[in-house]
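Residues per chain, in single letters:
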Amino acid sequence: MEDLRTKFVRYESSEIEESDLLAAKKEIGESDEIRTECLQQLRKELQNLKDIDPCLEEAFLLRFLRVSKFSVPKALQRIQKGYNQQEKILNAFKKCTLTLRKAKKLNHLLVSPYRMKNNSFLFIGLAGIVDHSKYSYMERFYSELLAMNKLVDNPINQIYGATLLIDYTGFNIHSILATTPGNALLFVETLLNMFPIRNKECHIVNAPSIFTSFFKIFYPLLPKKIQNRIFVHPNNDNWKSLHAHIPAEILPEEYGGELRHESLLRALENFEELDEQFLEKFAYGHKNTQHRRKNLRVITVEDKK
């Protein structure tokens, strides 16, 4: 295990070699001077928007500046798209409630305790284990919004990005029926517009034959650059294809890896805290719907007592 610690950075660690961090920042155009200048310019542009009450917190703005390689016009455009996307989300959750007790049973979003060699975090989404005969798509989607908000707020994640591993074990007819074209579009647009993060690669495993129909809906909605980073791995090669991209040392045993499943980090820990953090950011946006956004409650209040 000592060798594992020396080869891979732990997810929670902020102790990344300075030379490596500087190289990563150089790739996205970040320096102390540029960061200060771009934050100042972006705040000024946002304050000039007439119909939007923007979040001006540094951590929030850096989400968009880093993924835009410190282009202020691109970051501004992304933020505006994000606020427009909030309007769609507001309507989508108009009649959705999720009890805290029910929410805590969701455990389909995990993170490897060790980062990839490129220091991106390894995010594991168990897309097929959510029982859509018990959970609506919007109930599940809300839990994913909470997790994404937390993950994208991590500055190391902003700089190095994410490597995704999506497991479709258990994906069935209920999953297909829940994932309508409209729901798929809402998910993709929200991921791209509200939670910008550098997507290194996306690896799909255990895809059943029924997955093909779902994939044909989802795939064309993605930008060409992201399409080129998606890999669908065969189910019968003893994980050789997957291990060519993701080291077995940082994968759990179910993917031919060396980690116990129990060592994976839950992205949906502390639901009440995640809910509070998301709603705090969600309060900013278009002024004419601010009251509705501030009153949005998907996690039911009764279960928070």
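Reading guide: rules and limits
Residues numbered from 1 in each chain as written. Predicted model: local features only at pLDDT ≥ 70, side-chain atom pairs only at ≥ 80, totals over all residues. Heavy atoms only, no water. Helix = DSSP H or I, 4+ residues; strand = E, 2+ residues; numbered from the N terminus. Expected span 1.5 Å × (residues − 1). Buried < 20%, exposed > 50% of the residue type's maximum accessible area, 1.4 Å probe, protein only. Arc of directions from axis to C-beta. Contact = heavy atoms within 4.5 Å. Core = buried A, V, L, I, M, F, W, Y, C linked by side-chain atoms within 4.5 Å. Pairing = 2+ DSSP bridges. Axes fitted to C-alpha atoms, helices over the stretch in contact; angles between N-to-C directions. Parallel < 35°, antiparallel > 145°, perpendicular 65-115°, else oblique. Left-handed = near helix turned anticlockwise from the far one by under 90°. Nonpolar A, V, L, I, M, F, W, Y, C, P; charged D, E, K, R; others polar. Phe/Tyr/Trp six-rings, centres within 6.5 Å; stacked < 30°, edge-to-face > 60°. Salt bridge = Lys/Arg side-chain N within 4 Å of Asp/Glu carboxyl O.

## Some remarks on helix α14 (residues 271–282)
Compared with an ideal rise of 1.5 Å per residue, which puts 12 residues at 16 Å, α14 spans 16 Å between its outermost C-alpha atoms and is within 8% of the ideal. Of the positions making up α14, those classed as buried are Phe271, Leu274, Asp275, Phe278, Leu279, Lys281 and Phe282. Across the axial projection of α14, the buried residues extend over an arc of 160°, all falling on one side. Packing partners of the buried residues in α14 comprise α4 (58–67), α5 (72–92), α6 (100–103), α7 (137–152) and α15 (290–294).

## Quick notes on the nonpolar core
Of all hydrophobic cores here, the largest spans 57 residues; its most connected members are Phe93, Phe123, Phe141, Tyr142, Leu145, Ile204 and Phe278. Looking at this core element by element, the count peaks at 10 residues for α7. For Ile204, the contacting residues outside a window of four places in its chain are Ile166, Tyr168, Phe211, Phe215, Ile230, Phe231, Val232 and His233. Counting 25 residues, the second-largest nonpolar core is a separate cluster that includes Ile28, Leu39, Cys55 and Phe70.

## Observations regarding the sheet that holds strand β2 (residues 109–111)
The sheet built from 6 strands is open, its strands ordered β6-β5-β4-β3-β2-β7 with mixed pairing. Two strands close off the open sheet at either side, each with one partner strand: β6 (230–232) and β7 (265–266). Relative to β6, strand β5 (residues 199–205) is paired through 3 bridges, and the arrangement is parallel. The residue of β6 that forms the bridge with Ile204 is Val232. Helix-sheet contacts for α7 involve β2 and β3 (121–126), and the interaxial angle to β2 is about 20°.

## What about the packing of helix α3 (residues 32–47) against α5?
Contact pair α3 / α5: the axes reach a minimum separation of 10 Å and the direction vectors enclose 45°. Comparing their axes, α5 and α3 come out oblique. α5 is crossed by α3, and the crossing has right-handed handedness. Of the residues in α5, those in contact with Cys38, Gln41, Leu42, Glu45 and Leu46 of α3 are Val72, Ala75, Leu76 and Ile79. Looking at the contact of α3 with α5 residue by residue, the classes come out as 7 nonpolar, 1 polar and 1 charged.

## Remarks on the packing of aromatic side chains
Under the definition given, this model contains 12 aromatic pairs. Ring geometry for Phe60 against Tyr83: centres 6.5 Å apart, planes inclined by 25°, an arrangement best described as stacked. Taken as a pair, Phe60 in helix α4 and Tyr83 in helix α5 lie far apart in primary sequence, 23 residues in all. Per residue, the accessibility class of Phe60 equals that of Tyr83, and both read buried.

## Regarding the pattern of salt bridges
In this structure the tally under the stated criterion is 14 salt bridges. In this structure, the salt-bridge partner of Lys88 is Glu189, at a minimum N-O distance of 3.1 Å. Of the two residues, Lys88 sits in helix α5 while Glu189 sits in helix α10 (residues 181–193), which places them 101 residues apart along the sequence. Look at Lys88 and you get partly exposed, because its relative accessible area is 42%. Residue Arg140 is joined to Glu144 by a salt bridge in which the shortest nitrogen-to-oxygen separation is 2.8 Å.

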